[in-house]
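# Breakdown of the fold
This is what each chain is made of:
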Amino acid sequence: MDAMLEVPIQNQKWIDSVWGKITAKMDYVAENTGEKIPYTTVNGRYDDKFAQDPAWWTNGFWPGILWLMYMGTHNDKYKEIAEKAEIRLDSVLYGLDGSFEGLHHDVGFMWLLSSVANYKITGNPQSRIRGLIAANHLASRFNIKGGFITAWNGKNCEGWSIIDTMMNIPLLYWASKETGYSRFRDIAQAHADKTAENVIRADGSAVHIIEYDLETGEVVKTYGGQGYGTGSSWSRGQSWAIYGFALSFLHTKNPLYLETAKKAAHYFASCIQDSYIPAVDFRSPAEPLYIDTTAGAIAASGMIEISRHVPDFEKKIYLDTAMKILKALEKEQCNWTDKTDSILQNGSESYSGGIHKSIIYGDFFFIESILKLKKAGICLW
Ligand code: GLY
């Protein structure tokens, strides 16, 4: 155990027991899923999202889960299935299946967790190339006059930037380290600086979508996006802010990013005190209560990341909150049976649709959190 991440003995027993449940379940789920690249479950079994939409933003999370399992178990079967998924993604990346123009800022999620993970773990040179192609794509989305990375495609949203992008820019930090060229990192930092200034409100809450003027970079307006509405507080966006700024600090050591991650984390913690399971939006009506377990898992992993970078006296604040979230998720929201392929239940795509379903990134961040607590130093970002 890393001295930087001290987990009390009683928590260590719990972590070991949950890791045991994860390995038992993933052992057969990985084999049953075979070459599918899932997003959610249908009648308890993983779907094949790649077959429906090769450029879908979550298609890197399945190989990401498999690489986590490989790092945690050293069982070659996870590596083999992850490599097959990575090769399947080639038809998008190399423009062979007509879906290339569907790619957007989420190439970070897609290729950091598949190809860059493979390259970091095995040194596969072709995986490095895939990661660099994806990084060039992400860098090309930087709007020079506006000073931000454009999130999605389409003329009507060329000026839109979203908080989620903070999780994609570690691909640019990696590309700079890998190539020695500062331009990737400069783009990432320009985007992070602008996001810290305009997207994180004074109370630490995060805007989901912000529109900038394409000529001047001035803020035009904000949108509620996947949250309840304009001015609201979408919990998964909040968790992207926590983890995304913590990762920008990891890669740059710029104290502004750590302070921003902490501020976002304090706000998140203040909104979940009742149950430690986040609502989809922290500023939505009390009824109906929609929850999003994925936001909890992402925030927990982000808080564990913050705990690695703060002085000893502060670590406990972030680790304790992360543990409370993970324990609540495990007790109330995890399905360890073979009735469903997914572990974490009741994720929500947005306030207006896709409520209370299993979503692949919920499992990714839940598994990642437990593995980070068990084996300090794990980081695919
Ligand atoms: N990146 C989109 C989402 O978090 O749903």
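One can find the structure itself at the top, above this paragraph.
This text gives an overview of the structure that appears in the document. (Residues numbered from 1 in each chain as written. Predicted model: local features only at pLDDT ≥ 70, side-chain atom pairs only at ≥ 80, totals over all residues. Heavy atoms only, no water.)

### Considerations on the pairing of strand β6 (residues 209-212)
How we decide: The rule is simple: take the accessible area with a 1.4 Å probe, protein chains only, and divide by the maximum for that residue type; under 20% is buried, over 50% is exposed, in between is partly exposed. Runs of H or I in DSSP of at least four residues are treated as helices and runs of E of at least two as strands, each being numbered from the N terminus. Here, a strand pair is defined by DSSP locating no fewer than two bridges between the strands.
Residues Ile209 and Glu211 point to one face of β6 and Ile210 and Tyr212 to the other, with burial holding for every one of them. In this sheet, β6 lies alongside strand β5 (residues 160-162) in antiparallel orientation, the contact comprising 3 bridges. From the neighbouring strand, isoleucine 162 faces β6, where its bridge partner is isoleucine 209. Examined bridge by bridge, β6 and strand β7 (residues 219-223) share 4 bridges and lie antiparallel to one another. Note on β7: the bridge partner recorded for isoleucine 210 is threonine 222.

### Here's the deal with empty space enclosed by the protein
Formally: Using a 1 Å grid laid over the protein atoms alone, points where a 1.4 Å probe fits but cannot get out form a cavity; open sets with protein on both sides within 12 Å along at least 5 of 7 lines form a pocket; any residue with an atom within 4 Å of a point counts as lining. Grid points are joined across faces, edges and corners, and a volume is the space filled by probe spheres set on the points. Following the grouping adopted for this structure description, the nonpolar residues are Ala, Val, Leu, Ile, Met, Phe, Trp, Tyr, Cys and Pro, the charged ones are Asp, Glu, Lys and Arg, and the polar ones are all others, Gly among them.
The final tally for this structure, using the stated rule, is 2 cavities of 30 Å³ or more. If you add up the space inside the largest cavity, you get close to 50 Å³. Lining the largest cavity are Arg201, Val207, His208, Thr222, Tyr223, Gly224, Gly227, Gly231, Ser232, Ser233, Trp234 and Asp281. Residues that form the lining of the largest cavity fall into these classes: 3 nonpolar, 7 polar and 2 charged. Roughly 30 Å³ of volume is contained in the second largest cavity. Gly34, Glu35, Lys36, Trp62, Ile81, Lys84, Ala85 and Arg88 together form the lining of the second largest cavity. If one sorts the elements of the lining of the second largest cavity by residue count, helix α4 (residues 76-88) sits on top with 4 residues. Residue composition of the lining of the second largest cavity, by class: 3 nonpolar, 1 polar and 4 charged.

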